[in-house]
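What follows is each chain in one-letter form.
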Amino acid sequence: MAVSFGTRICSAAIALALLLFSHLAMAEESADSTFIRAAEFTGTSDAAFEGTVPRQGWHPVTLPDRWHSRLDSNPDSGWYRFSIDVHPAPADTIYALRFDSVSPTLRVLVNGHLIHSEGEAYRDSRMIHAWPRLVGIPGAMLHPGGNEFHVEVRHGAWLRAGLPALQFGTQEAISSR
């Protein structure tokens with residue numbers, strides 16, 4: 001199959017943009033924040049947006065992830081899980097998880113506790129816009145060492161369904177970016 005010159009130029013431009021973006025993102029990491037670029041994913045087609053974490057079907061993905069580009073089916077919900085090591089900090093420290101662009105229907109669980117929920121399953125999941133989010137996490141919800149995060153996003157039939165690379169750190173460090 002012959003590839004046109006325009007297609008090759010477009011592919012090269014996209015590759016260059018991705019390389020530049022990943023370089024800029026890496027340069028922004030500091031002792032107070034880090035980027036999450038790997039997770040595990042499973043998709044569900046449940047009728048309800050209940051926030052119940054699936055027990056099976058998980059497989060590794062690289063963030064950012066767009067599940068429509070790698071799955072034969074288009075699940076209604078996508079679940080992502082990852083672990084973040086947290087160093088001891090004062091109890092009043094507020095952490096945050098930053099999403100550069102995510103569905104308007106979103107749930108975040110930390111160590112099994114729901115800390116953020118927004119959107120209504122069938123009203124908001126049909127919207128085609130994704131917005132940035134900064135989800136605050138009280139330091140009391142985290143413990144030194146590994147902390148397990150689950151993020152559920154619901155997109156319905158939206159073809160850009162997925163999750164961006166995430167930034168985690170103190171709310172002060174992430175908000176100042």
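Predicted model only: the values in this text are computed from it and were never measured. The written sequence of each chain sets the order in which its residues are numbered from 1. pLDDT decides what is reported in this predicted model: residues at 70 or higher carry local features, side-chain atom pairs at 80 or more are listed and counted, and totals for whole chains, interfaces and linings draw on all residues regardless. Calculation of side-chain values draws on the structure's entire complement of heavy atoms; hydrogens and water are dropped beforehand.

1. Some points on the confidence of the model for the chain
Alright, step 1. pLDDT runs from 0 to 100 and stands for how confident the predictor is about each residue. With 68% of its residues at a pLDDT of 70 or more, the chain shows a mean pLDDT of 75.
Alright, step 2. Strand β3 (residues 59-62) holds the highest mean pLDDT among the elements of the chain, 94, whereas helix α1 (residues 5-27) holds the lowest, 41.
Alright, step 3. Within the model, the stretch residues 10-28 combines pLDDT values under 50 with six contacts to residues more than four positions away or in other chains. Segments assigned H or I by DSSP are reported as helices when at least four residues long, segments assigned E as strands when at least two residues long, and all are numbered from the N terminus. We call two residues contacting when some pair of their heavy atoms lies within 4.5 Å.

2. Side note on the sheet that holds strand β5 (residues 77-86)
Working definition: the strands of a sheet are paired by backbone hydrogen bonds and lie parallel or antiparallel to each other.
Alright, step 1. Strand pairing follows a simple DSSP-based rule, namely that at least 2 bridges must link the two strands. Taking strand neighbours across the sheet as the criterion, the six strands line up as β3-β2-β5-β10-β7-β8 in an open arrangement whose pairing is antiparallel. Every other strand in the sheet has two partners, leaving β3 and β8 (113-118) as the edge strands with one partner each. Each strand axis lies, on average, 25° off the axis of its neighbour in the sheet, ignoring direction.
Alright, step 2. Across five bridges, the pairing between strand β7 (residues 106-110) and β8 is antiparallel. Opposite R107, over in β8, you have S117 as the bridge partner. The axes are straight lines fitted to the C-alpha atoms, using for helices just the contacting stretch, and the angles between their N-to-C directions are given from 0 to 180°.

3. Examining the side chain of D65
Alright, step 1. Tracing the chain through its elements places D65 in strand β4 (residues 65-66).
Alright, step 2. Under the relative-accessibility criterion, D65 is labelled buried at 5%.
Alright, step 3. Of note is the side chain of D65, whose polar atom sits 2.5 Å from the side chain of Y80.
Alright, step 4. Not counting residues up to four positions away in its chain, the partners in contact with D65 are F41, R70, Y80, A161, G162 and L163. Buried residues are those whose accessible area, probed at 1.4 Å on protein chains only, stays under 20% of the maximum for their type, while exposed residues exceed 50% and partly exposed ones sit between those limits. Any pair of N or O atoms that falls within 3.5 Å is considered a polar contact. Within protein, one atom must be able to donate a hydrogen and the other to accept it, and sequence-neighbouring residues count only if both atoms are side-chain atoms.

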